Every structure is written in C-alpha cells, then in structure tokens.
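# Tertiary structure, described
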Amino acid sequence: MTGPQGEPVFLHLGPPPDEPGQFVVEDAPESYPPDVKARLEVDAKEIIGRYPNGRSALLPLLHLVQSEDSYLTPAGLEFCGEQLGLTGAEVAAVASFYTMYRRGPTGEYLVGVCTNTLCAVMGGDAIFEALVNQLGIRNDQTTTDGKITLQHVECNAACDYAPVVMVNWEFFDNQTPESARELVDGLISGKPPRPTRGAELCPFRQTERILAGFPDQRPDDGQGGAGPATLAGLRVAQERDMQAPPSDNSGKDK
C-alpha cells in the first residue's frame, strides 16, 4: 500500500513482539532419540486406545510430550502428528490455542498468579509484583536454577477464593504478597507447602503425565471437593429451609 504522498508503506504482519509465534526455542529438540521415541510410543498407544476417534487423543498426547520436555518442542509436535496422522499445522493449531501448553522450558514448579479482574482487584497484581521482586524474573521466565517458572494466569474458576495462586495447577487460595512469598520460599527450599485443596504438589513433568491420563499415585486424604466458600449459598438455603419452586411442565412437549 502507499501513503498520502504515494510513498510505499510497509506493514509488519504477525503476532506482537512479546507474543511467541511458534514452538521453536534455542536448543529445542527437533526429534527424539530412538529409545525415547520407543518409550513414548508405548504410552501413546495406550492413550490413543481410549478414544473411538484417534485424533481425539491429541490433547493428552500433547501433555505426554510436555511431560518429556517440560514444554512443547518441534520433536514433541512431530511425534504427536506421527501418532495420529496429522500435519504439523494441524497439531500446532490445537497446541497454540490452549495456554496450558508451554512454549518454553518450564521449571520444576510452574507458579501462576491469577491477575484476571477479581483476583487483580483483590491483590493479584501486588502478589505478582512481590514474586517478581523475590525471584528476579518476569512473566514466563524461569529462575536460573530451573526451579520456578513464574507466569500470569487467566481465571481458574476459583473467584470465591480470590486472590488465587496455582502451583503446577494446584490451588493456593486467599493469598497475600506475604503468604505467596512464603509459598515460594518453601518451593525453593525443597519443602513445598500443601495446597489449599487437592493433592500434595509434584514436579511439573509428573503433573503433565497425570494430565495425559496416567494414574495419579498421590494419596487422596480428603482435600478434594468443594470448600466452604463454594458451599456458602447451599448452607444458607438449608438453614432457611429454602426450596426451589415446583416446576410447571404444563403445556410443554405437547
């Protein structure tokens, strides 16, 4: 196109500079060694066998290769495509849609601070900045020892516990800058605290293997399920003997 005086105007098309546009980073593996590929193929066969349509297994397969590399690499994307008969473009199109699939090396603990609207209002931004100052890294960066990756995360459907921090997708509710710093101190020292809800923490790669659909060996000691904040409305309804009005189906389905 041209400008007002007829001079050429060049438009740079593509993602913003701070938005990764492809699953390629320095030193990322392009393919897997034969022994690694053979091991992953055994797992992939089990995953694919769960689905009537093989390509439905793509999401858990992406978690599988992420458990291998800690992020999605050209080797992982190629492997998924080979297992399902999909092109690289088809695999990348799905992988790039979901934020749980990582585009760079991820530490042992992925610390996500919710900075969506409610959590931000309740202190999420302050928590994130406190961790930035504590760790010396910014969004989507990893500490030099490979221990912690810090990132903003979108809403995790835990607004009644805002502000929320997640570590490897486990909840730490009602956080403050002080409690978040203590949480990170525990991760660094090798003594990770227990999540508010859910099972005890495990390393990121192990978490990804669980998300791929393999057994979770962590003990279930009753921390799962809805918490008091989630059940508050139900409790009030029970205390006041509140009942839903009877449905009137007259005139329907005639």
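The name an unreviewed UniProt entry gives the protein is NADH dehydrogenase, with Mycobacterium fragae as the organism. Of the protein, the UniProt comment under Sequence similarities (unreviewed entry) reads exactly: "Belongs to the complex I 24 kDa subunit family."

### A short note on unusual backbone geometry
Ala162 connects to Pro163 through a cis peptide bond whose omega is -5°. Examined against the element boundaries, Pro163 turns out to sit in the loop between strand S3 (148-153) and strand S4 (165-167). Although it is not a glycine, Ala157 adopts a positive phi angle of roughly 55°. With respect to the helices, strands and loops of the structure, Ala157 is situated in the loop between S3 and S4. The exposure class of Ala157 is exposed, given its relative accessible area of 73%. Even without glycine at this site, Asp241 takes up a positive phi of about 50°. Note on placement: Asp241 falls in the segment after helix H9 (228-239).

### Structural notes on the nonpolar core
Core analysis: the largest hydrophobic core is formed by 25 residues, its most contacted members being Leu61, Leu62, Leu64 and Leu72. Elements with a minimum of two residues in this core: helix H1 (34-48), helix H2 (58-69), helix H3 (74-84) and helix H4 (88-95). Contact partners of Leu72, with chain neighbours within four places excluded, come to Phe23, Leu62, Val65, Gln66, Leu77, Ala95, Tyr101 and Arg102. With 19 residues, the next largest nonpolar core counts Phe128, Ile137, Leu150 and Phe172 among its residues.

### As for the pattern of salt bridges
Per the stated rule, a full pass over the model turns up 13 salt bridges. The residue Asp173 makes a salt bridge to Arg197 at a minimum N-O spacing of 2.9 Å. Linking Asp173 in the loop between strand S5 (170-172) and helix H7 (177-189) with Arg197 in the loop between H7 and helix H8 (204-211), this pair joins segments that are 24 residues apart in sequence. Look at Arg197 and you get buried, because its relative accessible area is 17%. Of the charged contacts in the structure, one is a salt bridge between Arg218 and Asp216, with a shortest N-O distance of 2.9 Å. The network of salt bridges with shared partners includes Glu170, Asp216 and Arg218.

### With respect to the side chain of Arg218
Mapped onto the elements, Arg218 comes out in the loop between H8 and H9. Since its relative accessible area comes to 16%, Arg218 is described here as buried. A polar side-chain atom of Arg218 sits 3.1 Å from a polar atom in the side chain of Glu170. Polar contacts involving the side chain of Arg218 include one to the main-chain carbonyl oxygen of Glu200, which spans 2.6 Å. Residues within four places of Arg218 in sequence aside, it is in contact with Glu170, Ala199, Glu200, Leu201, Cys202 and Ile210.

Rules behind the numbers
Residues numbered from 1 in each chain as written. Predicted model: local features only at pLDDT ≥ 70, side-chain atom pairs only at ≥ 80, totals over all residues. Heavy atoms only, no water. UniProt positions renumbered as here; feature names shortened; annotations may be inferred. Helix = DSSP H or I, 4+ residues; strand = E, 2+ residues; numbered from the N terminus. Buried < 20%, exposed > 50% of the residue type's maximum accessible area, 1.4 Å probe, protein only. Core = buried A, V, L, I, M, F, W, Y, C linked by side-chain atoms within 4.5 Å. Contact = heavy atoms within 4.5 Å. Salt bridge = Lys/Arg side-chain N within 4 Å of Asp/Glu carboxyl O. Polar contact = N/O pair within 3.5 Å; in protein donor to acceptor, adjacent residues only side chain to side chain.

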